[in-house]
Amino acid sequence: MLAGRNPDEWTFEQRAAVAGDMDQQLVEVIDRLVRLSRELVAEISIADHLLSRKSSLRLDEDELPF
């Protein structure tokens, strides 16, 4: 636990520990963002394909087979 709330009172080791923890958290956030971005690209690709397919078949919503 840190000696005090004021970062000016922290030791070098405490500062290094906080910096290391923040770096690890940033890496984890970036990893999650990369995964979410890939999932979003996949969903957009599927939506684009479905819109293209609907357009190419010239179907109205009332004529869709489901």
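The numbers attached to residues start from 1 for each chain and follow its sequence in the written order. Local features are withheld for residues below a pLDDT of 70 in this predicted model, meaning they are given only at 70 or higher, and side-chain atom pairs are given and counted only at 80 or more; totals for whole chains, interfaces and linings count all residues. The side-chain figures draw on all heavy atoms in the structure; neither hydrogens nor water molecules are used.

**Thoughts on the overall build of the chain**
Okay, so step 1: The secondary structure content of the chain amounts to one helix and zero strands.
Okay, so step 2: We call a residue buried when its accessible area falls under 20% of the maximum for its residue type, exposed when it is over 50%, and partly exposed in between, using a 1.4 Å probe and counting protein chains only. In the chain, which comprises 66 residues, the proportion classed as buried is 5%.
Okay, so step 3: Note on areas: Shrake-Rupley with a 1.4 Å probe; residue coverage comes only from the protein chains shown. Summed over all atoms, the accessible surface of the chain reaches about 6,300 Å², with 59% contributed by carbon and sulfur. Counting from the N terminus, the helices are the DSSP runs of H or I reaching at least four residues and the strands are the DSSP runs of E reaching at least two.

**Description of a negative patch on the surface**
Okay, so step 1: Patches were defined on residues exceeding 30% relative accessible area and lacking a salt bridge, with like-charge contacts within 9 Å and nonpolar side-chain contacts (Val, Leu, Ile, Met, Phe, Trp, Tyr) within 5 Å. Between Lys or Arg on one side and Asp or Glu on the other, a salt bridge is scored when a side-chain nitrogen of the former is within 4 Å of a carboxyl oxygen of the latter. Only four residue types enter the charge count: Lys and Arg as positive, Asp and Glu as negative, with His and the chain ends excluded. Note on charges: their place is set at NZ of Lys, CZ of Arg, CG of Asp or CD of Glu. Side chains of Asp21, Asp23, Glu28 and Asp31 sit close together on the surface and give a patch of like negative charge.
Okay, so step 2: By secondary structure assignment, the location of glutamate 28 is in helix H1 (residues 12-57).
Okay, so step 3: Judged by its relative accessible area of 36%, glutamate 28 falls in the partly exposed class.

**A short note on a nonpolar patch on the surface**
Okay, so step 1: Taken together, the side chains of Leu26, Ile30 and Val34 make up a nonpolar region of the molecular surface, amounting to roughly 260 Å² of accessible area.
Okay, so step 2: With respect to the helices and strands, the residue valine 34 is situated in helix H1.

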